[in-house]
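Observations on the model geometry
Each chain, letter by letter, is given below.
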Amino acid sequence: MTSVDNDSFPQPAERTEPVSAGPAIGWFAGVSAILRSGAVFILLALLIIGFTAAQPAFININNLMSILQAVSVVAILGAGVTVTLAVGGFDLSIGAVAASSVMAASYAMIVWQLDAYATVPLVLAFGAAIGLINAFIIVRLKVPDLLATLSMMFLLSGLQLIPTAGRSISAGLILPDGSKAAGSYDPHFLLIGRYSLFGVVPVSVVLMILVALVLFVLTERTRIGRLLFATGGNEVATRLAGASTTRLKTLAYVISGTLASLGGIVIAARVGRGDVSSGGSLLMDAVAASLIGFAVLGLRRPNVLGTIAGAVFVGVLLNGLTMLNAPYYTQDFVKGAVLVGALALTYGLGRNGER
């Protein structure tokens, strides 16, 4: 038998990588990581520079505080949405809770003649109660969260109109029985929406910062926060590990309802009346802020600081466009484009980096 020597066949040449390929790939991965984690902040800096160049008054401290004041309610509500997203849920009722809280605060002061120190706890308790009802329907009755909170949204939207027969609430309100309400807004209550610390920082901005810090510590630095995210990631595993997912979900929805009521209090204190149309766009704006927050720091998960950054980003964009006399009807398009872009950067670059 004739043996065949492998050396008699041409051997394939060894594949060698260019020396510069490794550093080039590493450089690209580094740039991709920076873009993925800081895309929102980079775009925010570019927006501020661009708007300032086009309109120098944009960078004025009063205008910047006006932007923060305008987005404070959206950021507070968005923080509540973020907590429910962390447990794998979703709260569609926050806009209706905020609007109902505006009406409840107005009714308490103008019809019941309560002062600010009784009205604020009462309205916050109302929001917490709505969150508790949402949690009961979702956790105990096993209704899907979207359906449960959507139903609550419709229920509250109709309920807030019944006590005043669909009318807005202001001083001198004529009640359905023909009598006239004798109360008025407490001046101390109005300070929540109109007063500025040191004449510069609005109280609503301070509340936004406090909410962000408290929820950041709760969700990112405590065991409860880790369990909230664990519930959203794998509820069965979290339950088998000994945690009560029922209590965690209930906590998330109570926080969401309470923050929605806090946002309603800020709105009521700012406008000084119970407007039936208040809170119309709050749901979509809060959801947009919380989803844009997924792109912040490349976390690709709900996070409170990302939500605040998302709200500020949208606020800066809309304020700059307003100062440049952009048509008002383009605002929803702009918000949608920003949301698509932020999520595309987050998930698109994230996948590319993982390949």
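To start, this report covers the structure provided alongside it. (Residues numbered from 1 in each chain as written. Predicted model: local features only at pLDDT ≥ 70, side-chain atom pairs only at ≥ 80, totals over all residues. Heavy atoms only, no water.)

Summing up its helical and strand segments, the protein has 13 helices and 2 strands in all. Across the protein, the fraction of contacts at a sequence separation of at least 24, relative to all contacts at a separation of at least 6, is 76%. For the protein, the exposed area adds up to about 18000 Å²; of that, 67% sits on carbon and sulfur atoms. (Helix = DSSP H or I, 4+ residues; strand = E, 2+ residues; numbered from the N terminus. Contact = heavy atoms within 4.5 Å. Areas by Shrake-Rupley, 256 points an atom, 1.4 Å probe, with all protein chains shown as cover.)

Most peptide bonds are trans, and most residues other than glycine sit at a negative phi. Phi is positive for alanine 165, close to 55°, though the residue is something other than glycine. Structurally, alanine 165 is set in the loop between helix H5 (145-159) and helix H6 (187-194). Located in the positive-phi region is asparagine 325, a residue other than glycine, with phi close to 65°. One can find asparagine 325 in the loop between helix H12 (304-323) and helix H13 (331-354). With relative accessibility at 68%, the residue asparagine 325 sits in the exposed group. (Buried < 20%, exposed > 50% of the residue type's maximum accessible area, 1.4 Å probe, protein only.)

Let us now look at the side chain of aspartate 91. Tracing the chain through its elements places aspartate 91 in the loop between helix H2 (61-86) and helix H3 (94-110). One buried charged residue, aspartate 91, forms no salt bridge at all, with the nearest opposite charge on lysine 249 at 14 Å. Among the polar contacts listed, one links the side chain of aspartate 91 to the side chain of serine 93, at a separation of 2.6 Å. For aspartate 91, the side chain forms a polar contact with the side chain of serine 256, separated by 2.7 Å. (Lys, Arg positive; Asp, Glu negative; His and termini not counted. Salt bridge = Lys/Arg side-chain N within 4 Å of Asp/Glu carboxyl O. Polar contact = N/O pair within 3.5 Å; in protein donor to acceptor, adjacent residues only side chain to side chain.)

Looking now at the pattern of salt bridges. Scanning the entire structure with this criterion turns up 3 salt bridges. Notably, a salt bridge pairs glutamate 235 with arginine 239, separated by 3.1 Å at the nearest N-O pair. Taken as a pair, glutamate 235 and arginine 239 lie in helix H9 (residues 235-240) at a separation of 4 residues, close to a single helical turn. Exposure remark for glutamate 235: the relative accessible area of 26% places this residue in the partly exposed category. When the shortest N-O distance is used, the salt bridge between glutamate 235 and lysine 249 registers 3.1 Å. Separated by 14 residues along the polypeptide, glutamate 235 in helix H9 and lysine 249 in helix H10 (residues 245-271) bring together distant segments of the chain. Under the relative-accessibility criterion, lysine 249 is labelled buried at 16%. Put simply, Glu235, Arg239 and Lys249 are held in one network by salt bridges that share partners.

So, about the layout of surface pockets. In this structure, the largest pocket spans a volume of roughly 470 Å³. As for the largest pocket, its lining consists of 23 residues, and the residues nearest its centre are Ala70, Val71, Val74, Ser281 and Asp285. Of all the elements in the fold, those that place two or more residues in the lining of the largest pocket are H2, H10, helix H11 (282-292) and H12. The computed volume of the second largest pocket comes to approximately 310 Å³. Lining the second largest pocket are 15 residues, with Ser100, Met103, Ala104, Tyr107 and Phe126 sitting closest to its centre. Residue assignment for the lining of the second largest pocket shows that the elements contributing at least two residues are H3, helix H4 (116-140) and H5. If you tally residues by element for the lining of the second largest pocket, the top one is H3, at 5 residues. For the lining of the second largest pocket, the residue count by class is 12 nonpolar, 3 polar and no charged. (1 Å grid on protein atoms, 1.4 Å probe; cavity = no way out; pocket = protein on both sides within 12 Å on 5 of 7 lines; lining within 4 Å. Points joined across faces, edges and corners; volume = space filled by probe spheres on them. Nonpolar A, V, L, I, M, F, W, Y, C, P; charged D, E, K, R; others polar.)

Let's shift gears to the packing of aromatic side chains. What the rule picks out here adds up to 4 aromatic pairs. Aromatic pair tyrosine 107 and tryptophan 112: ring centres 5.5 Å apart, planes at 85°, arrangement edge-to-face. (Phe/Tyr/Trp six-rings, centres within 6.5 Å; stacked < 30°, edge-to-face > 60°.)

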